[in-house]
Structure formats: C-alpha cells, structure tokens
Amino acid sequence: MPYFSIIMPVFNGEKYVRKAIASVRNQSFSNFELIIIDDGSKDNSSEICLAECQTDSRIKFITQNNRGALLARKTGVQTADGIYTLFLDCDDTFQLDSLNLIYRELQNHPVDLLIFNYNKVSAEEKIKPGKQILSSQKIYTGRELVKLSVDYFGELNSLCTKVVKTKFVKNAFALYDCRLSMAEDYLISLQIFKNINNAAYFDKCLYNYTDNPCSSMHNVKKEFFSEYEFVYLNALNILHDFSSLTEEEIKLAKNIMIKIFADYFFYTFQKRLSFQEFWKLGEQISTKKYMHNYTSDLKLGPIWKPIYILMKRHKYKCLYFYFLLLQLGYFIKHGKFST
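Because the structure is predicted, anything quoted here is derived from the model rather than measured.

Visitor: Help me understand the pattern of salt bridges, please; the structure alone is not making it clear to me.
Guide: As enumerated under the stated definition, the model contains 12 salt bridges in all. Note that R73 is salt-bridged to D185, the shortest N-O span being 2.5 Å. Of this pair, R73 sits in helix α3 (residues 69-78) while D185 sits in helix α8 (residues 184-195), placing them 112 residues apart in sequence. In this structure R73 comes out as buried when scored by relative accessible area, which is 3%. For E144, the salt bridge is made with K138, and the minimal N-O distance between the two is 3.1 Å. Counted as one network, the salt bridges with shared partners bring together R25, E52, D56 and R58.

Set out below in structure tokens:
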C-alpha cells in the first residue's frame, strides 16, 4: 500500500505537465502513487502522460471525457489506495523533498489533516511565499477550521495545500457528481473539515503555485455562474450542519460566498464584456435572494470595498468604470493589462 496518493487532473497542460510529474518522481520519499486523470485534453497532454506512466509503475493514467475539475479529481480519488491523499495541479510543482518532510511531520503529529504553506510563482518566475495563517503549535478541530475559512478563504481552502487521510477525501468527493470548474476546493474542504477529528499546520512552503493565465481561474465564462451558485448553496447547507455555529458565524460565511460572486464579476469583466453584457449579468445576479446578505462591516481592503458597495446598490455603470480604472492602474504599474 502506498503511503501517499497524489491526484493530478490534466486539461490541455502540455506546456507544464512534464515538470509537474518530474517534481513528484524526483521526491526522495518513494512510497507514493501518482494518479493522473486526463480530462479530455485537446493537445498532447495525454501522450505525454502515457509515456511517463510506461516508465514508472508508481504512475497511473486515466482518461475521460471533459467533465470539469471536480469530477476529474473524483475519478482519481475513487482509485486512490494511499493512506493519505494530496492534490497537484498540472501547472504546479512540489518542492524537492516535500513528501519526506510531510511524512516525518505526520509521524510526529499523526492527524487526519495536515495543512502546509506554498510559494506563488509569477510568470517571471518570481517567488512569493504564502502568508502563515495558522499556528504550528496547535491542534485544530474541524469546527475551528470552518470558522477560520471565513477570514482566510483563499489561503485555507485550497486542496493543493492539504494532505488528508484518504478515507475522508473519498467521503467528501462521493457526495458530488456534477460538473464544477470553479470554487470546488471550498466545497470539498468544508466537507473534509466537517468530518475530521483533528488537524495541524506545517509552516513549510512545500507547493509551488504557478500564476498561469491559461488556468480556469483566469478564464471565467458567463456560464460558470451556475457553478458558483451551486457551491454557495451547498456550502450553506454544510455550515448549517454545524449546529453550534452562531448566527454571526453563519452571516460571515455568507459574506465569504458573496466574495465569490464579486470575484466572478471581476474575472468576467476581464473577458472584455460590453457594458450591455455586464449590465445584464449584474441584473441577473442582483435578483438572487442571497445578494441581500450584504453587510457594510466586512473586513475589506481599499480596492474591494467599493466593489461590494456598488454591487449592493446595483450601481453597475459605476462598477464597470471602476473596473476600467483598476485595469488602467494595473497597466500603469506593469505595462500590460491584467488577464
């Protein structure tokens, strides 16, 4: 039995996937299986992965029609035999010796979930460590992580910075059988938090996240709104299962989901929507009852607070031009428009 199962979905990743696979094969800790799921790639990703699989018995390769990130990962999870499971995106890498460091930490602290830090790697290969969000001196409960996920939505909920006992991962993915390409990490993370007994934080940057302009996060489509909505409604159901959570915590959780919609607005705007399309999208979103869950006391920075206020007041013309100003500011600073 392998100690680690590493799940890596691939979709049109021919430029990156060799490097991702190499970052696993070159680990000093060898007791792992790498499960690659090609999610209907149209490039040469499948051929590259198949060739890698034939040279290393620890690599399993599965192909399927394009079904989205959630179901690609689910396919891999269903075949996982490891004691613990990790996730790797095909355009990212593990740091050298990551598996050995994780193994040693788990021997010292045999928890159900271990969360570790990451590096953010820019297109210019500049490395920026992620910020420390948890204490390495504490053992956490799942309920505590649910509460913390409200304030640290982006940092805490990525599956790629977690190693989880495989039985909890299998249970979490078994609950969903739908196409999701956006925000599925949050949904699965909540299910994991809901069921684990204990968790710890390992303050080492073991994962290299590549800021890839071709990734799904940078290619939001108008059709993805229904996926965001699905995540929102299911996340609320999970939070309500924690009967000991206060109404204030539920309210904060709703505000985090509102952030998903603000992100959706911004990334969709970057796809060069016309003002008419942008207005129509805003009106569609504003009719949803959960958009009335706004509060004015959110802990927001100077860039995001106007977005929340303008969305709340349905000032889409102002919001459109505010995004234009943000793009102009980005151009002045970087010499190119944000994508």
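Now that the structure has been shown, the text picks up again.
Visitor: Explanation requested: the environment of C178 in the structure shown.
Guide: On the secondary structure map, C178 appears in the loop between α7 (166-174) and α8. Considered as a pair, C178 and F230 are 52 residues apart in the sequence and their alpha carbons are 9.8 Å apart. Not counting residues within four places of it along the chain, the set of residues in contact with C178 comprises L70, L71 and F230.

Visitor: How do you make sense of the packing of aromatic side chains when you look at a structure like this?
Guide: Both the distance between ring centres and the angle between the ring planes are used here to describe each pair of aromatic rings. Tallying each qualifying case throughout the model produces 11 aromatic pairs. With a centroid separation of 4.8 Å and an interplanar angle of 35°, the aromatic rings of F29 and Y103 are classed as tilted. Remark: Y103 occurs in helix α4 (residues 98-108) and F29 occurs in the loop between α1 (17-25) and β2 (32-39); sequence separation between them is 74 residues. For Y103, a relative accessible area of 26% gives the class partly exposed. Where Y322 meets F323, the ring centres are 6.5 Å apart and the plane angle is 45°; that geometry is what we call tilted.

Visitor: What am I meant to see in the nonpolar core here?
Guide: Soluble globular proteins tend to bury their nonpolar side chains together. Counting 75 residues, the largest nonpolar core has F4 and M8 as its most contacted members. Not counting residues within four places of it along the chain, the set of residues in contact with M8 comprises V17, A20, I21, L34, I35, I36, I37, L88, D89 and C90.

Visitor: What am I meant to see in the state of the cysteines here?
Guide: What we call a disulfide is simply a covalent bond connecting the sulfur atoms of a pair of cysteines. Tallying each qualifying case throughout the model produces zero disulfides. Of all cysteine sulfurs in the structure, the one in C90 sits closest to C49, which takes part in no disulfide; the separation is 7.9 Å.

Visitor: Any chance you could explain the pairing of β2 here in plain terms?
Guide: A regular strand carries its side chains on alternate faces of the sheet. With eight of its eight residues buried, β2 lies for the most part within the structure. The two faces of β2 match: F32, L34, I36 and D38 on one face and E33, I35, I37 and D39 on the other face are all buried. Where strand β1 (residues 4-10) lies against β2, seven bridges are found, and the strand directions are parallel. For V10, the partnering residue across the bridge sits in β2 and is D38. With respect to chirality, the unit in which β1 leads through α1 into the neighbouring parallel β2 is right-handed. Read as a crossover between parallel neighbours, the route from β2 over helix α2 (residues 45-54) to strand β3 (residues 59-64) is right-handed.

Visitor: Explanation requested: the environment of N26 in the structure shown.
Guide: In this fold, N26 is placed in the loop between α1 and β2. Look at N26 and you get exposed, because its relative accessible area is 52%. When the C-alpha atoms of N26 and D97 are compared, they prove to be 8.3 Å apart, with 71 residues separating the residues in sequence.

Visitor: Is there a simple way to explain α8 in this structure?
Guide: An α-helix turns once every 3.6 residues. As a result, residues three or four positions apart point the same way. The terminal C-alpha atoms of α8 lie 17 Å apart, and with 12 residues this matches the ideal 16 Å at 1.5 Å per residue to within 8%. Most of α8 is tucked away, with 10 of its 12 residues classed as buried.

Visitor: Got a minute to help me understand the side chain of S149 in this structure?
Guide: For S149, the location among the structural elements is in helix α5 (residues 142-151). Under the relative-accessibility criterion, S149 is labelled buried at 0%.

Visitor: What is the right way to look at the pairing of strand β10 (residues 199-210) in this model?
Guide: As paired strands, strand β5 (residues 93-94) and β10 are joined by two bridges and run antiparallel to one another. Note on β10: the bridge partner recorded for F94 is Y207. In this sheet, β10 lies alongside strand β6 (residues 113-121) in parallel orientation, the contact comprising nine bridges. The residue of β10 that forms the bridge with N117 is C205. Pairing geometry for strand β8 (residues 139-140) and β10, over two bridges, is antiparallel. Bridge pairing in β10 places Y140 opposite A199.

Criteria and cut-off values
- Residues numbered from 1 in each chain as written.
- Predicted model: local features only at pLDDT ≥ 70, side-chain atom pairs only at ≥ 80, totals over all residues.
- Heavy atoms only, no water.
- Salt bridge = Lys/Arg side-chain N within 4 Å of Asp/Glu carboxyl O.
- Helix = DSSP H or I, 4+ residues; strand = E, 2+ residues; numbered from the N terminus.
- Buried < 20%, exposed > 50% of the residue type's maximum accessible area, 1.4 Å probe, protein only.
- Contact = heavy atoms within 4.5 Å.
- Phe/Tyr/Trp six-rings, centres within 6.5 Å; stacked < 30°, edge-to-face > 60°.
- Core = buried A, V, L, I, M, F, W, Y, C linked by side-chain atoms within 4.5 Å.
- Disulfide = S-S within 2.5 Å.
- Pairing = 2+ DSSP bridges.
- Right-handed = clockwise from strand over helix to strand, strands pointing away.
- Expected span 1.5 Å × (residues − 1).

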